[in-house]
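# Topology and contacts: notes
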Amino acid sequence: MGELADETLIGRHSELAAVRAALRAGPEGGATLALVGEPGIGKTAILHEAGVEARRLGHQVLAVSGVEAEAHYPFAALLQLLEPVLASHTGADSCHGAALPVALGFSDGPVPDLFLVASELLDWLRKLALTKPLTVLIDDAQWLDPPTHDCLAYVARHAGDIPACILVTVRTSEGETLPPFLTSVPSHLRLTGLDDAMAAALLARSAPGLAGVDRQQIQRAAQGNPLALMELPAAWQSGERTSGTVNLSRRLERDFGGRAAGLPSRTVDLLLVMAIDDRPVTDEVLHAAALLCGEPVSTADLEPAYDAGLLKRGASVTFRHPLVRSGILHRERVARQQAAHAALAEVVSDDRYRRAWHRAQSILGPDDEVADELERTVAESVRRGAVTTAIASLERAAELTSASTCRGRRLLVAAEHAFGLGRTDLVDRLVRKAAATDLDELDWARMQWLREIFNDGVPGDSVRVLELCDMAVRSARSDDQDLALNLLMGAALRCWWADTGPAARAHVVEVVDTLQADGDARAVACLAVAEPVLRAAEVTHALCRMPADEVEDVDALRLLGMAAHAIGDSTRADDYLTAAEVVLRRQKRLGLLVHALSMQVIVCLELGDWDRAAHHSAEVVRLAEETGQPIWSTGSLVCEAQAQALRGNASRALELVAEVELRANRDRLNDLLSCAQLARGIAELDRGDAPAAVRSLLRLFDPADPTYHERECFGGLSFLADAAVLAGRVADARGVMERLEQVAVITPSPILHVHLAYARAVLAADEEAEAFYAEALSDDLRRWPWAQARLELAYGLWLSRMGRTDPATRLLRSARDSLEDIGAAHWVEVAAGALSG
């Protein structure tokens, strides 16, 4: 039997041509290509050939193969990939930046976020590529350990930034959902089975003595899969006839496992140790196998496995194909696999993490000593930025824990780490498992908070708000103020999204006051979100003491941005949220990034940075769906509805409004309904239907209407003023304005005062209007270009009506230019029409 790489290249001329094209394009401007297909289809053979060709072209080649048994070991694959470069340097000296050496275990330092590790890896590869053409080969990407997977996926997404060729293979079957790595690779090449002629040629080469009937049956069973065409004849000739309904990969696994069964016992033990070893090194495998079988073993005991076609010869001991590993594991009893793990744990005792992991896999029932040992590795995983590994270790430690209370605590700690990654699927699963344990009071409260994070529930449920407040009180009494504030944040958000009534809102802020958490961003946010009008002055005072450029903690930045947005302080909100966005992106905390970006969308619309709003809106929709946060997704849709209305796309805006209302009406999410109603009113104003716009916008200010929200309504006043003047309903708009003048005595909300200044001027009698316009424009509106442009437009139109052409023209031109920059098409047309008239 010839070498696998040679034989499985039969019939792959077009695929090899695509790979060669990528190799040529890489050094010129970057090229990435993913080879996708079922096991045995020839992906690895083509990748091997690519490596040969790359070296012939003078490229430096970095290669890594994902190994299923290694997937739990943080950055194991990244170390394998970089080994040729690391070998020529000294540890951390070979790594650029601060995060990558820590992640690889070469140096100590602050916990690196994965984004930084990936970014430094990209920089390093770029520098390597500038010294010599670079080719990166990634085989079986679906089995990379999670942190390596994320880093290399980042590199693949930014492959255009480095002059290199990146080739990836990913195992998948036709019709299956593509693995996550492929979303980072723009070009996919799916390998399918060989055609009948090529399949017959390969079968004739691998098994020339087959009878005609057997040849036909094998060729039909193999379905053009090169590995099957090469391996099934041996099974066929031994008398094994497997049903055609059996999965082809499973059939090959069974064949490989069957070959191992007939080998000498020491060889079988060596193969088992190799199959479960996360980083098989020859000496390590020999030592562990000796412990497993109780007698010395040597490399000579591997020869039968080579002869059986299970191993391939090379610098290290490796399986001929990943299906060999899985075939061996499928045929071995659980007890035997556990014994092999125990042997490996003893051999790798100097590596604390690997010892703990293998010990954890060597037992079935509870073992608190092993559970404790595994939990002690969590800090190291987190320190290196391998949070997913930490979660897996905590979950396994929980399975081995005898005490139900401790088991629940470990699951909740894992869930908190999952929350930091934005993994709602993991949070939900871990919390459900924790709910089945005997949690103490604090952990029970912590579970409730974790349920609140991603599970929006029924926001307007005042009973649930009071329950959360009660849990917060009990948590504070148990000296866990952090948990208390987290629970109160959940209660406050429920008050914001939907009407829980004044009693529930008051109770939230009352409990916050009892905590005496002055200066804590969570306390400030709770006050702002629960009582955005009554506590706005107090919140403003707190924000003045914590300017964005002096706040270092990203969670504090996000929460203070939320507080500023809640009270209507748009410029401060922009400062906090922009700073938070930068850090959250760097840390890849996608769940919280959704919150920050969603708030930024509306802030950008309010201030006049509509291009940035559009960019954030598209990203929020995608990330909110990925992280399972439907309210934030709907919130982004309503912002998009407002954006479309503001840009003059009334029909699209009304379509989005209908979609938002369909989602928000079910749970009476009056915050979103209010924003949707504002979009409807603006769209009707765009269409020239001022009477309809007035009817829609007046609903925003009616406390009995489902669209009423005591803070969100502030942003509708200026539009109501415009519509009322056009529709001849100035008195109705003045009535709303007068009520808001009373609210303005309570709250210093900038957005309310900006809209009031506009409405006073637009709704004023002609003899009073100019004074109001002058007063409004005398305010510092440098960071409110949208408000300033509309004021200039309205003032210019008024001056034009008064026959004062020169000052009107100056204002109208300034307004038109600003509105064009912003993208406010409807208002640009109004200004242009006035100038041309």
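Residues numbered from 1 in each chain as written. Predicted model: local features only at pLDDT ≥ 70, side-chain atom pairs only at ≥ 80, totals over all residues. Heavy atoms only, no water.

Glancing now at the pairing of strand β1 (residues 31-37). With seven of seven residues buried, β1 is to be regarded as a mostly interior element. Here β1 shows no split at all, with Ala31, Leu33, Leu35 and Gly37 on one side and Thr32, Ala34 and Val36 on the other all buried. Sheet topology note: the β1/strand β4 (residues 164-171) ladder contains seven bridges and is parallel. Bridged to Ala31 within β4 is Cys165. Relative to strand β5 (residues 188-190), β1 runs parallel, the two being bridged by three bridges. Across the sheet, the residue bridging to Leu35 is Leu189, located in β5. (Buried < 20%, exposed > 50% of the residue type's maximum accessible area, 1.4 Å probe, protein only. Helix = DSSP H or I, 4+ residues; strand = E, 2+ residues; numbered from the N terminus. Pairing = 2+ DSSP bridges.)

Residues Leu534, Val745 and Ile746 make up a contiguous nonpolar surface patch of about 320 Å² in total accessible area. In this structure Leu534 comes out as exposed when scored by relative accessible area, which is 54%. (Patch = residues over 30% accessible without salt bridge, like charges linked within 9 Å, V, L, I, M, F, W, Y side chains within 5 Å. Areas by Shrake-Rupley, 256 points an atom, 1.4 Å probe, with all protein chains shown as cover. Salt bridge = Lys/Arg side-chain N within 4 Å of Asp/Glu carboxyl O.)

The subject of this paragraph is unusual backbone geometry. Here Asp479, not a glycine, exhibits a phi torsion of approximately 65°, which is positive. If you trace the backbone, Asp479 turns up in the loop between α24 (462-477) and α25 (481-497). The exposed category is assigned to Asp479, whose relative accessible area is 72%. At Gln516, a position not held by glycine, the phi torsion is positive, near 50°. As for its placement among the helices and strands, Gln516 is situated in the loop between α26 (502-515) and α27 (521-530).

A word on the packing of helix α42 (residues 805-822) against helix α43 (residues 825-836). Contact pair α42 / α43: the axes reach a minimum separation of 9 Å and the direction vectors enclose 150°. As the angle between them shows, α42 and α43 are arranged roughly antiparallel. The handedness of the crossing between α42 and α43 comes out as left-handed. Every residue of α43 that contacts α42 at Thr809, Leu812, Arg813, Arg816, Leu819 and Glu820 is listed here: Trp827, Val828, Ala831, Ala834 and Leu835. (Axes fitted to C-alpha atoms, helices over the stretch in contact; angles between N-to-C directions. Parallel < 35°, antiparallel > 145°, perpendicular 65-115°, else oblique. Left-handed = near helix turned anticlockwise from the far one by under 90°. Contact = heavy atoms within 4.5 Å.)

We now examine the sheet that holds β5. With parallel pairing, five strands are arranged side by side in an open sheet as β2-β3-β4-β1-β5. Both outer strands of the open sheet, β2 (60-65) and β5, are each paired with one neighbouring strand and no more. Each strand axis lies, on average, 15° off the axis of its neighbour in the sheet, ignoring direction. Against the sheet, helix α4 (residues 76-86) touches β2 and β3 (134-139), its axis set at about 155° to β2.

We now examine the nonpolar core. A general feature of soluble globular proteins is that nonpolar side chains tend to end up buried together. Of all hydrophobic cores here, the largest spans 174 residues; its most connected members are Val508, Leu605, Tyr773, Trp786, Leu819 and Trp827. Here this core gets 12 residues from one element, more than from any other, and that element is helix α31 (residues 590-607). With near-sequence residues (within four places) excluded, Leu605 lies in contact with Trp610, Ala613, Cys639, Gln642, Ala643, Leu646 and Trp786. Within the second largest apolar cluster, 47 residues are counted, among which are Ile10, Val285, Val297 and Leu344. (Core = buried A, V, L, I, M, F, W, Y, C linked by side-chain atoms within 4.5 Å.)

Attention shifts here to the environment of Leu227. Of note, Leu227 is situated in helix α10 (residues 226-237). The exposure class assigned to Leu227 is buried, which follows from its relative accessible area of 1%. With 448 residues separating them along the chain, Leu227 and Cys675 place their C-alpha atoms 59 Å apart.

Scanning the entire structure with this criterion turns up 50 salt bridges. For the salt bridge of Lys433 with Glu395, the shortest nitrogen-to-oxygen distance reads 2.8 Å. Placement of Lys433 in helix α22 (residues 424-435) and of Glu395 in helix α20 (residues 387-399) is noted, with a sequence separation of 38 residues between them. Under the relative-accessibility criterion, Lys433 is labelled partly exposed at 31%. Its relative accessible area of 11% is what places Glu395 among the buried residues. Taken together, the salt bridges that share partners define one network made up of Asp574, Asp575, Asp609, Arg612 and Arg783.

Attention now goes to the pairing of β4. Taking burial as the measure, the eight residues of β4 include eight buried ones, the bulk of the element. Burial of the side chains of β4 extends over both faces: Ala164, Ile166, Val168 and Val170 are buried on one face and Cys165, Leu167, Thr169 and Arg171 on the other. Pairing analysis gives five bridges linking β3 to β4, with the strands arranged parallel. Within the sheet, the bridge partner assigned to Ile138 lies in β4 and is Val168. For the crossover that starts at β3, traverses helix α7 (residues 146-157) and ends in the parallel β4, the hand is right-handed. (Right-handed = clockwise from strand over helix to strand, strands pointing away.)

Two measures describe an aromatic ring pair: the distance that separates the ring centres and the angle between the ring planes. A full pass over the atoms with the stated rule returns six aromatic pairs. Ring centres of Trp786 and Trp827 lie 5.1 Å apart, and the angle between their planes is 90°; this geometry places the pair in the edge-to-face category. Of this pair, Trp786 sits in helix α41 (residues 785-801) while Trp827 sits in helix α43, and the two are 41 residues apart along the sequence. One aromatic cluster in this structure is built from Trp610, Phe719, Trp786 and Trp827. One residue, Arg790, lies across the ring of Phe719, its end atom 4.2 Å from the ring centre. (Phe/Tyr/Trp six-rings, centres within 6.5 Å; stacked < 30°, edge-to-face > 60°. Lys NZ or Arg CZ within 6 Å of the ring centre and 35° of its normal.)

Turning our eyes to something else, we now look at α31. The first and last C-alpha atoms of α31 sit 25 Å apart over 18 residues, in line with the 26 Å expected at 1.5 Å per residue. With its phi angle positive at about 115°, Gly608 sits one or two positions after the end of α31. (Expected span 1.5 Å × (residues − 1).)

Another aspect to go through is the packing of α27 against helix α28 (residues 536-544). Close contact between α27 and α28 brings their axes to 9 Å; oriented N to C, the two are set at 150°. Taken together, the axis directions place α27 and α28 in an arrangement best described as roughly antiparallel. The element α27 and its partner α28 pack so that their crossing is left-handed. Where α27 abuts α28, its residues Val524, Leu527 and Ala528 lie against Glu538, Val539, Ala542 and Leu543. Counted by class, the contact of α27 with α28 contains six nonpolar, no polar and one charged residues. (Nonpolar A, V, L, I, M, F, W, Y, C, P; charged D, E, K, R; others polar.)

All right, on to the confidence of the model for the protein then. Predicted confidence across the protein gives a mean pLDDT of 87, with 92% of residues reaching 70 or more. Here helix α1 (residues 4-7) is the element of the protein with the lowest mean pLDDT, 52, and helix α39 (residues 750-763) is the one with the highest, 98. When the criterion is pLDDT under 50, residues 1-5 qualifies, and its contacts beyond four places in sequence or with other chains add up to 13 contacts. In this model, residues 90-94 is a region of pLDDT below 50 whose contacts with residues beyond four sequence positions or in other chains number eight contacts. (pLDDT = per-residue confidence, 0-100.)

The next point concerns the environment of Leu394. Examined against the element boundaries, Leu394 turns out to sit in helix α20. Residues Leu394 and Thr377 lie 17 residues apart in sequence; the distance between their C-alpha atoms is 9.1 Å. With near-sequence residues (within four places) excluded, Leu394 lies in contact with Glu375, Val378, Arg410, Val413, Ala414 and His417.

Here we take up the side chain of Arg396. Tracing the chain through its elements places Arg396 in helix α20. Owing to a relative accessible area of 13%, Arg396 belongs among the buried residues under this scheme. A distance of 2.4 Å separates the side chain of Arg396 from the backbone oxygen of Ala360, its partner in a polar contact. Each residue touching Arg396, except ones within four places of it in the same chain, is listed here: Trp357, Ala360, Gln361, Ile363 and Leu374. (Polar contact = N/O pair within 3.5 Å; in protein donor to acceptor, adjacent residues only side chain to side chain.)

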